[in-house]
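# Understanding the architecture of this molecule
Each chain, letter by letter, is given below.
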Amino acid sequence: MPAKDNPEGKPARDIEKDYPLPAFIEKLRRLADALENGQRFQIDIAGERINVPARAHYNIAYERGGGEEEIEFQITWSEIER
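Quick look at the structure, then. (Residues numbered from 1 in each chain as written. Predicted model: local features only at pLDDT ≥ 70, side-chain atom pairs only at ≥ 80, totals over all residues. Heavy atoms only, no water.)

## Points about the overall build of the protein
Within the protein one finds 1 helix and 4 strands. Counted over contacts in the protein with a minimum sequence separation of 6, partners at least 24 positions apart contribute 27%. If you sum the accessible surface of the protein, you get close to 7,000 Å²; carbon and sulfur atoms cover 51% of it. (Helix = DSSP H or I, 4+ residues; strand = E, 2+ residues; numbered from the N terminus. Contact = heavy atoms within 4.5 Å. Areas by Shrake-Rupley, 256 points an atom, 1.4 Å probe, with all protein chains shown as cover.)

So this is what it looks like as structure tokens:
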């Protein structure tokens, strides 16, 4: 999703953060628990708390090119869905 300013005046952000495997697993486990229970998901990324609504949209993307392969677990929502 391209970064752009939103109506709340929050600045555009585009962050990627590497995590050690145990921390990555813990975050995935918390996400799965929230999804199974129909609850919102909270995650801190680079010092910002992100609140993902239960009604967000979920997809998995796969890319291959330049000798590399990538899987992205994507969660998207609009300000209205919060």
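## Side note on the pattern of salt bridges
A side chain with one charge can pair with a side chain of the opposite charge if their charged atoms come near. Scanning the model with the defined rule gives 2 salt bridges in all. With a shortest N-O distance of 2.9 Å, Arg30 and Glu26 are connected by a salt bridge. Separated by 4 residues within a single helix, Arg30 and Glu26 lie in helix 1 (residues 21-36), roughly one turn from each other. One salt bridge connects Asp44 with Arg49, and the closest N-O pair in it is separated by 3.1 Å. Given the relative accessible area of 37%, Asp44 is considered partly exposed. (Salt bridge = Lys/Arg side-chain N within 4 Å of Asp/Glu carboxyl O. Buried < 20%, exposed > 50% of the residue type's maximum accessible area, 1.4 Å probe, protein only.)

## Regarding a nonpolar patch on the surface
On the surface, a cluster of nonpolar side chains totalling about 360 Å² of accessible area is made up of Leu21, Phe24, Ile25 and Leu28. Structurally, Phe24 can be placed in helix 1. What makes Phe24 partly exposed here is its relative accessible area of 41%. (Patch = residues over 30% accessible without salt bridge, like charges linked within 9 Å, V, L, I, M, F, W, Y side chains within 5 Å.)

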